[in-house]
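One-letter residues, chain by chain:
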Amino acid sequence: MSAENTVKEFVERLIAEGDVVIASQWHPRGNYLLGPPTYVDLELFQQSRSRCRLLMSMLGTLADPWKPILASEAANKIESAKSTQGALKGVRQSLEEGLLIRFEDL
């Protein structure tokens, strides 16, 4: 299996994991003026985020556009989970369009 196919399959697995993370959302109890915040399961979120950091290391400098989202620390809020999912889908789309290449590869 080629390195490109390995990365593509890994991204697909990360997106599937992200769907599970988003589905794990919950609200804390209490009185909130504007409604309670929405969180996702912390363990699932951290597992997914650590695997995203692995993807960033696999891609090297090709991952630079997504590093601010995928490699940074983030709270287990639904906004962070959806932002992560959006970034992963951006990586997938760029892979599908053949855009993740280095100048040396040309």
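Draft legend 1. Main features of the nonpolar core. The biggest cluster of nonpolar side chains holds 18 residues, and the ones touching the most others in it are Leu55, Leu59, Leu70 and Val91. Counting residues per element, the ones that place at least two in this core are helix 1 (3-23), helix 2 (42-59) and helix 4 (78-96). For this core, the element with the highest residue contribution is helix 1, accounting for 5 residues.

Draft legend 2. Layout of the pattern of salt bridges. Evaluated as defined, the whole model comprises 4 salt bridges. For the salt bridge of Arg51 with Glu17, the shortest nitrogen-to-oxygen distance reads 2.9 Å. Within this pair, whereas Arg51 is found in helix 2, its partner Glu17 is found in helix 1, the two being separated by 34 residues in sequence. Residue classification places Arg51 among the partly exposed residues on the basis of a relative accessible area of 22%.

Draft legend 3. Layout of the side chain of Gln85. One can find Gln85 in helix 4. Setting aside residues up to four positions removed in sequence, Gln85 forms contacts with Leu14, Ile15, Gly18, Asp19 and Ile22.

Draft legend 4. Up close: the environment of Phe10. Note on placement: Phe10 falls in helix 1. Residues Phe10 and Leu55, 45 residues apart in the sequence, show an inter-C-alpha distance of 7.9 Å. Ignoring sequence-local partners within four residues, the contact set of Phe10 consists of Arg51, Leu54, Leu55 and Met58.

What counts and what doesn't
- Residues numbered from 1 in each chain as written.
- Predicted model: local features only at pLDDT ≥ 70, side-chain atom pairs only at ≥ 80, totals over all residues.
- Heavy atoms only, no water.
- Core = buried A, V, L, I, M, F, W, Y, C linked by side-chain atoms within 4.5 Å.
- Buried < 20%, exposed > 50% of the residue type's maximum accessible area, 1.4 Å probe, protein only.
- Helix = DSSP H or I, 4+ residues; strand = E, 2+ residues; numbered from the N terminus.
- Salt bridge = Lys/Arg side-chain N within 4 Å of Asp/Glu carboxyl O.
- Contact = heavy atoms within 4.5 Å.

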